[in-house]
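# Residue-level structural notes
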Amino acid sequence: MLASFLEGWSIFRQNLLGKIGLVLLIIFALMAVCSYIPPWINPMYNPMTGVDPAITSCTPPSLRHWLGTDFMGRDILSQLLAGARIAFMVGISAAVMSIVLGVSIGMTAGYMGRFVDTLLMRLADMIMVMPTLLVVLLLSAVFGQLSIWTIVLIIALFRWPGVSRIIRGQTLSLKQRPFIEAAKVAGASHFRIIFVHIMPNVLPLAFLFMTFRVTSAIITEAALAFLGFGDPGTVSWGMMLQWVWKTGHMFQAPYWLLPPGICISLITLSFYMLGRAMDEVLDPRLRKEDQTD
Amino acid sequence: MELRRYIARRMIQVIIIFFVILTVLFLLFRWAPGDPVSMMVDPDMTQEDAEILIVQLGLDQPIGVQYFIYIKNFFTGHFGFSFHYGEPVVDIIWNRLPNTILLFTTSIILSAFVGVFLGKIASWHKGKKTDSLMTIGALVTHTLFLPWLALILIWVFGYKFGWFPINGMISEEVWLDPEAGFIARAIDVMYHMVLPLFTLFLIHFGAYLLIMRSSMLETLKEDYILTARAKGLEEKVIRDHHAAPNAALPVVTSVGLSLAFSINGGALTETVFTWPGIGRELVSSVSQNDYPLALACFLMIAGVVLVSNLVVDVLYAYLDPRIRY
Amino acid sequence: MPCINAKQRRSSCRWVLILACATMLITGSLFIASTASAANILKMGLLQEPKTLNVWRASDRWSRKVVGLMYQPLYVRDPETLKLIPWLAAEPPQFDEKTLCYTVKIRPAKWSDGTELTSEDVAFTARFINEFKVPRYRSKWNFVKKIETPDKHTVKFYLKEPKAIFVSRSLTTPIVQKKEWTKLAEEARKTKKPLKRLLNEKIKRPVSSGPFVLKEWRQGTFLYLQKNKYFFGTGKKIQGRLLGPYIDGVIFKIYGTSDASILSLKKGSIDMFWWGIQPGYIEDLRANPDIELFQNEKSALYYMGFNVRKAPFKDVNLRRAVATLVDEDFIIKRILQGYGIRMYSIVPPGNAFWYCPDVPRYGEGLDREARIKKAFGILRDAGYTWEVPPVDESGKVVNGEGIKLPDGKPMEKFTILTPPADYDPHRAMCGMMMQEWLRMLGVPAYSKPMAFGALLQQVKVRHDFDSFILGYGSLSLDPDYLRNFFISTNDKKRGWNMSGYNNPHFDKIANESASAMNRDKRRSLIWEMQKIIIRDVPYIPLYDPKLIEAVRKGRFTGWVQMLGGVGNLWSFCQLKPM
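Since this is a predicted model, take the numbers as computed values, not measurements. (Residues numbered from 1 in each chain as written. Chains lettered and ligands numbered in written order. Predicted model: local features only at pLDDT ≥ 70, side-chain atom pairs only at ≥ 80, totals over all residues. Heavy atoms only, no water.)

A separate point is the overall build of chain A. Each helix and strand in chain A was counted, giving 12 helices and 0 strands. Put simply, chain A runs from its N terminus to its C terminus through helices and strands in the order α-α-α-α-α-α-α-α-α-α-α-α. Relative to its 293 residues, chain A shows a buried fraction of 56%. Residue pairs in contact within chain A that sit at least 24 positions apart in sequence constitute 69% of those at least 6 positions apart. When the accessible surface of chain A is split by element, carbon and sulfur atoms take 70% of a total near 12,700 Å². (Helix = DSSP H or I, 4+ residues; strand = E, 2+ residues; numbered from the N terminus. Buried < 20%, exposed > 50% of the residue type's maximum accessible area, 1.4 Å probe, protein only. Contact = heavy atoms within 4.5 Å. Areas by Shrake-Rupley, 256 points an atom, 1.4 Å probe, with all protein chains shown as cover.)

Here's what the structure looks like:
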């Protein structure tokens, strides 16, 4: 186990993109952690309700407010940090939920085969082609107000097809293995076989596959918030962009317009780079063959 | 024979899926807590008025009845009236559809062409600076947040430099002028299209570039390339006439697969640039609880996605006999 | 075969690029050429597109703005005195108390298709509204039992009972042409849902009696209204104003965002942006030599409402304490950046005749500490206790904690619902500030922004809320809404009594005011109603925002300032090209 991890790590280290991605990600994680600091220093730095007694409009960066203030006088930097926290929360929760769903469904499909398999995979196909953003838009019309958790759940509901395919493939090959036969002979129930015997072998793959594909969750939440369908009680980067756009400060406040967008783009980039690096670790065929060329 | 059966099977699947979506959407909307009548905030609208309107709009009937009417209407081509415009939904969609098609297809074609072109070059110079530059460029542009990119472009090119209009599809000076001919109007539309097109292009070409690049790298390892080299053909000829066309095939499928992603992007672009298309109509109708219109817009988009996936699958199956099951 | 494809693709790539460049060059020059604008056409920017030009369906403000230039009522408001003056009517209405009959004489006028506007049209409009129960107008005509048209220019309305609102609300209904709507009405009667059918009619060529008539509507981009040569006001002097219109037409350009329109205004592509300018832009526009800013008041009310049906806001003392804590100064100076006026009553002060200056004023003139002390006093006397009282024994103000109800139980946390920050930053901010101010008193308040549609659902339909901050952007000048907001019979699903206020004494006076035909008597009743409401504060009036509008100098002159802005009928009729 450890050997393969170290091997993977050395391959990873050689990948420049992966390294950059990792560094960026660490910076964002630090941002997320630091988001608790400003309100603790002074309640006026609270991203949502922070009121600076002296400032009630959009102001450029200053000593008191390193990135300036938004149209209500709230500190932009604390909003940015809080946004990092929300981004990680959304990304990781959506990833975890979709792993849970995708693994369960993938295993079930692969193991049960035939009708169940076809049904589930057709369902997966159908869901995979739907433009997630528009579906969540529709749902937000139906339910009026979506809390951030509802949004995460819905995003996860659209992400599981990707995982489930891989897991299904894996399950199919595992199904034939002797130890599964042995379990069947021993009288284990289907449920037990799936969750106790197959799952531990499938899980690492699922985890690695999904973890670095959280980006679409982050982007979807950002796009939703941008359009005005996010949770008005949370300060996410998309929400910040919506505020700058809708309150007419788009042309006047680059210090407000630029940071959230840069963050969203960079975090997407870093996950993407990490994802490609992880692909190389996982799939030997993709490794750079600069020795032979 | 086999191909025909495959097509038939896929078409039936598409129809079933569409029907499922139809039903799910209907249930969703009827179950909705918000209704358009309560959105009409007006001290003049008394509760009797509101109740009368609800009856008129058919929102008081039992769900089963509404569902049957809904399905019946769908198949007879009645998509209802928009709650907000008061016009038949079909008219509104028909009005908006060409605008979306114009912008969307142009952007896809442009991104695909340029992406394939650059990807081909990148793969040829693999490992060198050109390659790294292009790959990084593609990665960075592909991960930019689309609405933000749109805002930045508007700010820089529309506001600061004033080179392009900051929104809309046409300017009424040109369209109202009775002397302006077709050419002038077409040019006006193209002028407005530059920024939204550029936004979509920037976001999408990167993906095609990367796919083309890796596809080319794979293709260049194939035997027939070796043969071509052995025959003494020029490198350029090998690249452009033998490798590229085959390498471009996965790009075709990826256009289809990433359609959902592109459609999201299209809706966002239309909203930011107030381009009067279906995506934007969907967003605004959703925020106003205008069910019939939102439903119809979504169905239109879903239909397009399903059909294009079908087309791509069939195309691929036609071109590559191995992919049929 | 592949050879051709690859080569074609590459060369077509090149051609696309070349074509694109050429396009841009040509376009640039063409665009400049076509901006030599048609001389006397006013260009207005709209934030959103009107939904419809069907006058019965036009509920959103954009549709109403445009429709209002075409369909005219019998009486309109004078811009300075705000009194009702005859417009399509020739003189003030005559009222006969014995028969409860209003007689209205109509001015000679024509429709935009050349036909005469007669009493038939007026009678038709009223009967149409009653027959089809047209929303928003029905309640203003359903007490009219008979309409007579003794001659082409006289209409007699017989009421079932005395109704004070008849002149101010019913006679300000837009009049439609009988010819235009008769056929539509006939067809609608044949269907199962006639009202729906009528509301869904697309009126492509509205027949107008106003200064302008629709020429073209390009969906999503602009509307073009041309001067109506049959407009009855042309060349006439009404209320001492000589009317035109002197402009050849109006183009309404639709912008999706304020940014785009203000940019256009600065560039000169539009002459006026028909929407309030947000504080963020004001300084920039004020400094611009080509832009003139107009400041007007609005007949609007932004307020905090309570659910008085349940705890904790069932207790009037708590409501009064909250009213005391409201820092009006903060709201006006900081949240509204100075562009607003204090509201002490439900009726805006700009509505001078009906506004009662003599209502209780909680917290006026007090600083933060004094306000906390006063609120503390009110609550303490009502039996509230605290874990940590906001005012300690020595009289010093501290951070209060853990307020307890008179029965000893700790107060449960409650929410203040507000619209989202981007929809209305002011209301959202007020909510947050109320939360902070209340918490200083140890009251567990939580401000919760909520999507507007969902907010209305909860407050208006489900009555499931503690408190909220909402507003009415354009209240009518007739104060009948005062009755509607607080009369107990309106406390139902989707009813206008959202707070659940139930006071039989108020109900009695309110009903009297609805049928008080004597204006002064009605005024004293309306004043009494205001006093009762502000004593009981089911709503705390917060502010009335000022309206700042921007106009481009140098092209047109003659903008008329009025309550509600310069985009009014008088401006359109009096604007002259420079």
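Secondary structure assignment for chain B yields 15 helices and 0 strands. For chain B, the residues scored as buried account for 59% of the 325 residues in total. Relative to all contacts within chain B whose residues are 6 or more apart in sequence, the contacts with residues 24 or more apart total 74%.

Once that is clear, we can look at the confidence of the model for chain B. Considering every residue of chain B, the mean pLDDT works out to 80; 88% of them sit at 70 or more. Considering each helix and strand of chain B separately, the mean pLDDT is smallest for helix α2 (residues 36-39) of chain B, with a value of 56, and largest for helix α7 (residues 146-160) of chain B, with 88. (pLDDT = per-residue confidence, 0-100.)

So, on to helix α7 (residues 148-175) of chain A. With 28 residues, α7 of chain A ought to run about 40 Å at 1.5 Å a step, and its terminal C-alpha atoms sit 39 Å apart, in line with that. A maximum bend of about 35° is found in α7 of chain A at arginine 159 of chain A, where proline proline 161 of chain A lies one to four positions downstream. (Expected span 1.5 Å × (residues − 1). Bend = angle between axes of the 7 residues up to and from the residue.)

Residues and elements named next belong to chain C. Helix length check: helix α17 (residues 519-536), at 18 residues, gives a terminal C-alpha distance of 26 Å against a target of 26 Å (1.5 Å per residue), a fit within 8%. Looking only at α17, the buried set comprises Arg522, Leu525, Ile526, Met529, Gln530, Ile532, Ile533, Ile534 and Asp536. On its buried side, α17 packs onto α5 (165-170), α10 (316-325), α15 (480-486), α16 (504-514) and β24 (539-552). Capping the start of α17, asparagine 518 holds a side-chain oxygen 2.8 Å from the backbone nitrogen of aspartate 520, two or three residues further along. Two residues or fewer after α17 comes valine 537, characterised by a positive phi angle close to 30°. (Polar contact = N/O pair within 3.5 Å; in protein donor to acceptor, adjacent residues only side chain to side chain.)

Before going further, it helps to spend a moment on the side chain of arginine 371 of chain C. All names here are of chain C. With respect to the helices, strands and loops of the structure, arginine 371 is situated in helix α12 (residues 368-381). For arginine 371, the side chain forms a polar contact with the side chain of aspartate 327, separated by 3.4 Å. When residues no more than four places from it in sequence are discounted, the contact partners of arginine 371 are Thr324, Leu325, Val326, Asp327, Gly363 and Leu366.

Turning our eyes to something else, we now look at the sheet that holds strand β5 (residues 101-105) of chain C. All names here are of chain C. An order of β4-β5-β9-β8 is seen for the 4 strands of this open sheet, with the pairing classed as antiparallel. Two strands in the sheet have a free side with no partner beyond their single neighbour: β4 (94-96) and β8 (144-151). Going from strand to strand, the sheet's axes swing by 20° on average, the running direction of each strand aside. Summarising the sheet, β5 and strand β9 (residues 154-159) pair through 5 bridges and their orientation is antiparallel. Each residue of the ladder has a partner; that of cysteine 101, found in β9, is tyrosine 158. The strands touched by helix α3 (residues 119-132) are β8 and β9; relative to β8, the strand with the most contacts, the crossing angle is about 165°. (Pairing = 2+ DSSP bridges. Axes fitted to C-alpha atoms, helices over the stretch in contact; angles between N-to-C directions.)

Each regular strand displays side chains that alternate between the two surfaces of the sheet. Residue and element names in this part refer to chain C. The element strand β17 (residues 301-306) is extensively covered by neighbouring structure, given that 6 of its 6 residues are classed as buried. Covered by surrounding structure in β17 are Leu301, Tyr303 and Gly305 together with Tyr302, Met304 and Phe306, the residues of both alternating faces. Relative to strand β23 (residues 467-472), β17 runs antiparallel, the two being bridged by 6 bridges. Within β23, the position partnered with glycine 305 by the bridge is phenylalanine 468.

Counting residues in hydrophobic clusters, the biggest one holds 366 residues, and the most contacted among them are Trp237 of chain A together with Trp181 of chain C. Top contributing element to this core by residue count: helix α9 (residues 182-219) of chain B, with 16 residues. For tryptophan 181 of chain C, the residues in contact, after removing those within four places along its chain, are Asn54, Val55, Trp56, Tyr71, Phe124, Phe128, Val176, Leu198 and Ile203 of chain C. Counting residues in hydrophobic clusters, the runner-up holds 14 residues, among them Met107, Tyr111, Ile180 and Ile198 of chain A. (Core = buried A, V, L, I, M, F, W, Y, C linked by side-chain atoms within 4.5 Å.)

The next thing to look at is the pattern of salt bridges. Residue and element names in this part refer to chain C. Tallied over the full model, the rule gives 32 salt bridges over all chains. The salt bridge partner of aspartate 478 is arginine 522, with a shortest N-O separation of 3.0 Å. Separated by 44 residues along the polypeptide, aspartate 478 in the loop between β23 and α15 and arginine 522 in helix α17 bring together distant segments of the chain. By relative accessible area, aspartate 478 is classed as buried at 3%. In this structure arginine 522 comes out as buried when scored by relative accessible area, which is 3%. When salt bridges with common partners are traced through the structure, they connect Lys183, Glu187, Arg197 and Glu201 into a single cluster. (Salt bridge = Lys/Arg side-chain N within 4 Å of Asp/Glu carboxyl O.)

The next thing to look at is the interface of chain B and chain A. Opposite the 46 residues of chain B that make contact, chain A presents 39 residues. Taking both partners together, chain B and chain A bury about 4,000 Å²; carbon and sulfur atoms supply 83% of that area. Our count for the contact surface shared by chain B and chain A stands at 0 salt bridges. Taken together, chain B and chain A are joined by 2 residue pairs in polar contact (both at pLDDT 80 or more). (Buried area = accessible area lost by both parts, 1.4 Å probe.)

A word on the environment of serine 119 of chain C. Residue and element names in this part refer to chain C. Relative to the helices and strands, serine 119 resides in helix α3. Residues serine 119 and proline 348, spaced 229 residues apart in sequence, show a C-alpha to C-alpha distance of 36 Å. Aside from chain neighbours lying at most four places away, what touches serine 119 is Ile106, Thr149, Asp151, Lys152, His153, Thr154 and Val155. Polar side-chain contacts of serine 119 include one of 2.8 Å to the backbone oxygen of aspartate 151.

Let us look at the packing of α16 of chain C against α17 of chain C. Residues and elements named next belong to chain C. Interhelical geometry of α16 versus α17 gives an angle of 155° and a closest axis separation of 9 Å. The angle between the axes of α16 and α17 places the two elements in the roughly antiparallel class. Read as a crossing pair, α16 and α17 show a hand that is left-handed. Contacts between α16 and α17 pair His505, Phe506, Ile509, Ala510, Glu512 and Ser513 from the former with Lys521, Arg522, Leu525, Ile526, Glu528, Met529, Ile532 and Ile533 from the latter. When grouped by side-chain class, the residues that make up the contact of α16 with α17 number 8 nonpolar, 2 polar and 4 charged. (Parallel < 35°, antiparallel > 145°, perpendicular 65-115°, else oblique. Left-handed = near helix turned anticlockwise from the far one by under 90°. Nonpolar A, V, L, I, M, F, W, Y, C, P; charged D, E, K, R; others polar.)

Among the surface-exposed residues, Ile12, Ile16, Val20 and Val24 of chain B lie close enough to one another that they form a single nonpolar patch of about 340 Å² accessible area. For valine 20 of chain B, a relative accessible area of 34% translates into the label partly exposed. (Patch = residues over 30% accessible without salt bridge, like charges linked within 9 Å, V, L, I, M, F, W, Y side chains within 5 Å.)

With that settled, the discussion passes to the packing of aromatic side chains. Residue and element names in this part refer to chain C. If you walk through the whole model with that rule in mind, you get 48 aromatic pairs over all chains. Taken together, Tyr303, Phe465, Phe468, Tyr472, Tyr481, Phe485, Phe486, Trp496, Tyr501, Phe506 and Tyr539 form an aromatic cluster joined through their ring pairs. One cation-aromatic arrangement involves lysine 163 over phenylalanine 143; the distance from NZ or CZ to the ring centre is 5.7 Å. Against the face of phenylalanine 353 rests arginine 519, its NZ or CZ located 4.0 Å from the ring centre. (Phe/Tyr/Trp six-rings, centres within 6.5 Å; stacked < 30°, edge-to-face > 60°. Lys NZ or Arg CZ within 6 Å of the ring centre and 35° of its normal.)

Our focus in this paragraph is the packing of α7 of chain B against α9 of chain B. All names here are of chain B. Axis separation between α7 and α9 bottoms out at 10 Å; the angle between their running directions is 140°. It follows from the interaxial angle that α7 and α9 lie oblique. Both α7 and α9 take part in a crossing whose hand is right-handed. Of the residues in α9, those touching α7 at Leu146, Leu149, Ala150, Leu153, Ile154 and Phe157 are Leu195, Phe198, Thr199, Leu200, Leu202 and Ile203. Looking at side-chain class alone, the contact of α7 with α9 contains 11 nonpolar, 1 polar and no charged residues.

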